[in-house]
Amino acid sequence: MAHYNARPQDNLNAEWEQFLATDVDRNGQISGVEMQTVLAAGGLNFSLQTVMQLINLHSRREDGTLEFAEFKAVQQFLSNIQASFQHFDASRTGRLSKSEVLRALHHAGFGHVDEGAVKSACQAFDPDRSNSLSLDQYIAMTMFLLGAKKAFEAFDAQKSGRINVDFNQFVYAASKTR
């Protein structure tokens, strides 16, 4: 657990102040509700489930909280995704078409994900069926893909790109994507 008297270096002052402002209960960790609140204030409206997925992708402890270094990693992750989203939003509509999503995902290191899989993922994260994704939908889909990749790699010990799983293993892997 972080202690407030263990102040980070001065060049991290702004990030530390943001951490302190987010840590409403002053326990040295950012909870899902605290993170959801700060993200909403920045215009990213995620369900608590999506926020917890974001936390779980970056937390080493699996206790549903972020310490300062993990909080910084989440901020960097979100900053990178937002920059990528803006770069690939050629029409400047604030939404990515399926082809823009495919290019953005390839740029982000998901080049191995084929067009059919991307189309399916886009449909799953496009509840209004607009055939495009808003920033928050794109972030949620990217987190899903990262969770799926992490779960897949846990079963792909040979790094062959193929796995065999029984139903229980499938349920475990699927639960890691949420």
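It should be noted that the structure appears before, not after, this text.
Since the structure is predicted, the reported quantities are computational estimates derived from the model, not experimental observations.

Asks: When you look at the overall build of the chain in this model, what are you seeing that I'm missing?
Replies: When its secondary structure is counted, the chain shows eight helices and two strands. The helix and strand sequence of the chain, counted from the amino end, reads α-α-α-α-β-α-α-β-α-α. In terms of overall dimensions, the chain is globule-like: its C-alpha atoms have a radius of gyration of 18 Å, near the 16 Å expected for 178 residues. Taking the principal axes of the C-alpha coordinates as reference, the chain spans close to 50 × 45 × 25 Å. Evaluated residue by residue, the chain yields a buried proportion of 38% over its 178 residues. A separation of at least 24 residues holds for 50% of the contacts in the chain among residues at least 6 apart in sequence.

Asks: Teacher, can you tell me more about the environment of L146 here?
Replies: In this structure, L146 sits in helix α7 (residues 135–155). L146 sits 98 residues away from L48 along the chain, and the two C-alpha atoms are 18 Å apart. The residues touching L146, leaving out its near neighbours within four places in the chain, are L57, F77 and F110.

Asks: Explain the nonpolar core here, please?
Replies: If you look at soluble globular proteins, the nonpolar side chains tend to sit buried side by side. Residues M35, L39, V101, L105, Y138, I139 and M141 are the most contacted members of the largest nonpolar core, which totals 37 residues. At the level of secondary structure, the elements contributing two or more residues to this core comprise α1 (13–22), α2 (32–41), α3 (48–58), α4 (68–88), α5 (98–107), α6 (115–124) and α7. Counting residues per element, this core draws most heavily on α4, at eight residues. Filtering out sequence-adjacent residues up to four positions away, L39 remains in contact with L44, F46, V51, L54 and L78.

Asks: Looking at this structure, I do not really get the pattern of salt bridges. What am I missing?
Replies: Opposite charge on two side chains permits pairing when their charged atoms draw close. In total, this model carries six salt bridges according to the counting rule given. Between E70 and R60 there is a salt bridge; the shortest N-O distance is 3.8 Å. Here R60 lies in the loop between α3 and α4 and E70 lies in helix α4, a separation of 10 residues in the sequence. Taking relative accessible area as the criterion, R60 reaches 64% and is therefore assigned exposed. For R95, the salt bridge goes to D128, with nearest N and O atoms at 3.9 Å. Remark: D128 occurs in the loop between α6 and β2 (132–134) and R95 occurs in strand β1 (residues 95–97); sequence separation between them is 33 residues.

Asks: Whenever I open this one, the layout of surface pockets confuses me. Can you help?
Replies: Gaps left between atoms show up when a probe the size of a water molecule is rolled over them. In this structure, the largest pocket spans a volume of roughly 580 Å³. For the largest pocket, the lining is made up of 23 residues, of which F144, L145, A148, K149 and F152 are closest to its centre. Among the elements that make up the lining of the largest pocket, the one with the highest residue count is α7 (seven residues). When grouped by side-chain class, the residues that make up the lining of the largest pocket number 16 nonpolar, four polar and three charged.

Asks: I'm lost on the side chain of E70 in this one. Help?
Replies: For E70, a relative accessible area of 2% translates into the label buried. In this view, E70 contacts H58, S59, R60, R61 and T65; residues no more than four positions away in its chain are not counted.

Asks: Help me out: how do you make sense of the packing of aromatic side chains in this one?
Replies: Each aromatic ring pair is characterised by the separation of its centres together with the angle its planes make. The final tally for this structure, using the stated rule, is seven aromatic pairs. Plain terms: the ring middles of F19 and F68 are 5.6 Å apart, the flat faces sit at 85 degrees to each other, and that makes the pair edge-to-face. Within this pair, whereas F19 is found in helix α1, its partner F68 is found in helix α4, the two being separated by 49 residues in sequence. Judged on exposure class, the residue F19 and its partner F68 are both buried.

Procedures and definitions
Residues numbered from 1 in each chain as written. Predicted model: local features only at pLDDT ≥ 70, side-chain atom pairs only at ≥ 80, totals over all residues. Heavy atoms only, no water. Helix = DSSP H or I, 4+ residues; strand = E, 2+ residues; numbered from the N terminus. Rg over C-alpha atoms; globule rule 2.2 N^0.38 Å. Buried < 20%, exposed > 50% of the residue type's maximum accessible area, 1.4 Å probe, protein only. Contact = heavy atoms within 4.5 Å. Core = buried A, V, L, I, M, F, W, Y, C linked by side-chain atoms within 4.5 Å. Salt bridge = Lys/Arg side-chain N within 4 Å of Asp/Glu carboxyl O. 1 Å grid on protein atoms, 1.4 Å probe; cavity = no way out; pocket = protein on both sides within 12 Å on 5 of 7 lines; lining within 4 Å. Points joined across faces, edges and corners; volume = space filled by probe spheres on them. Nonpolar A, V, L, I, M, F, W, Y, C, P; charged D, E, K, R; others polar. Phe/Tyr/Trp six-rings, centres within 6.5 Å; stacked < 30°, edge-to-face > 60°.

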